[in-house]
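Structural description and commentary
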Amino acid sequence: MKWRNRYRLYGMEGLAIRTCNRSYSAELKLQAVMDYFRGELSQYQIIDKYKISSRTQLADWIKKYNGHSSLRAYNGGKTAMTKGRSTTWQERLDIVLHCLANGQDYSQAADQFKVSYQQVYGWVKKYEAGGPEALRDGRGRKKAPEELTEADQQKLAMRKLEYEVERLRAENVFLKKLQEFQRGRR
């Protein structure tokens, strides 16, 4: 029945598998919601009238309207995972300050500075929680020996011993293989 209805509304195109979302204007969304509230048409009739893809879509618009959210037009969005790039502390600070000055428009800042949306979002959250110093990248930094606690010093000593034991085991295995190889050549 659903397929028949789609064929009647959209023709063969209605039966094709869509690879992207359909776009609706803010005005169309508002008109559909207002028709729903007037009660003159059923949800299915509204869907047919405005060529909405599903009842769920209409229900989402109604929920947004009742929640006092704006019914904005869908603009296709951005890809969820874009490749970020390495940045300096000063660049991150500049990007965050720019983003905050422009009403936390993460997308605009990401496009302007050629970084990913996720990077901008994360930096802004870090900045809000801990200030400019929270944007420093501590990865790969080793603590100076005087900064280490006694527990950290013990962990470091254990790691060194484990590494040494593993190296000696590998050396023994290598020597045994070498002896086997030499015995086989005689």
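To keep things clear, this report deals only with the structure shown in the data block. Worth saying up front: this structure is predicted, and the values here are computed from it rather than measured.

1. Notes on the packing of aromatic side chains
For the structure on display, the rule yields five aromatic pairs. Members of the aromatic cluster, joined through ring pairs, are Tyr36, Phe37 and Tyr65. For the cation-ring pair, arginine 136 lies above tryptophan 89, with the distance from its terminal atom to the ring centre recorded as 4.2 Å.

2. Quick word on the pattern of salt bridges
For side chains of opposite charge, pairing can occur when their charged atoms come near one another. One pass over the full model with this rule turns up eight salt bridges. The salt bridge partner of aspartate 35 is lysine 49, with a shortest N-O separation of 2.9 Å. With aspartate 35 in helix H2 (residues 26-38) and lysine 49 in helix H3 (residues 43-50), this pair connects stretches of sequence that are 14 residues apart. Residue arginine 85 is joined to glutamate 91 by a salt bridge in which the shortest nitrogen-to-oxygen separation is 3.2 Å. One network of salt bridges, with partners in common, ties together Asp35, Arg38 and Lys49.

3. Focus: helix H5 (residues 89-101)
With 13 residues, H5 extends 18 Å from end C-alpha to end C-alpha; this agrees with the ideal 18 Å at 1.5 Å per step. Every buried residue of H5 is listed here: Arg92, Leu93, Ile95, Val96, His98 and Cys99. Residues of H5 that are buried make contact with helix H6 (106-113) and helix H7 (117-130). The positive-phi residue at the C-terminal boundary of H5 is glycine 103, with phi of around 70°.

4. Focus on the packing of H2 against helix H4 (residues 55-66)
A pair of packed helices can be characterised by two numbers: the angle between their axes and the separation between those axes. With their axes 10 Å apart at the nearest point, H2 and H4 run at an angle of 85° to one another. Relative to H4, the element H2 is oriented roughly perpendicular. Each of Leu28, Lys29, Leu30, Ala32, Val33, Met34, Tyr36 and Phe37 in H2 lies in contact with H4, whose residues at this interface are Leu58, Trp61, Ile62, Tyr65 and Asn66. Considered class by class, the residues forming the contact of H2 with H4 number eleven nonpolar, one polar and one charged.

The rules behind these values
- Residues numbered from 1 in each chain as written.
- Predicted model: local features only at pLDDT ≥ 70, side-chain atom pairs only at ≥ 80, totals over all residues.
- Heavy atoms only, no water.
- Phe/Tyr/Trp six-rings, centres within 6.5 Å; stacked < 30°, edge-to-face > 60°.
- Lys NZ or Arg CZ within 6 Å of the ring centre and 35° of its normal.
- Salt bridge = Lys/Arg side-chain N within 4 Å of Asp/Glu carboxyl O.
- Helix = DSSP H or I, 4+ residues; strand = E, 2+ residues; numbered from the N terminus.
- Expected span 1.5 Å × (residues − 1).
- Buried < 20%, exposed > 50% of the residue type's maximum accessible area, 1.4 Å probe, protein only.
- Contact = heavy atoms within 4.5 Å.
- Axes fitted to C-alpha atoms, helices over the stretch in contact; angles between N-to-C directions.
- Parallel < 35°, antiparallel > 145°, perpendicular 65-115°, else oblique.
- Nonpolar A, V, L, I, M, F, W, Y, C, P; charged D, E, K, R; others polar.

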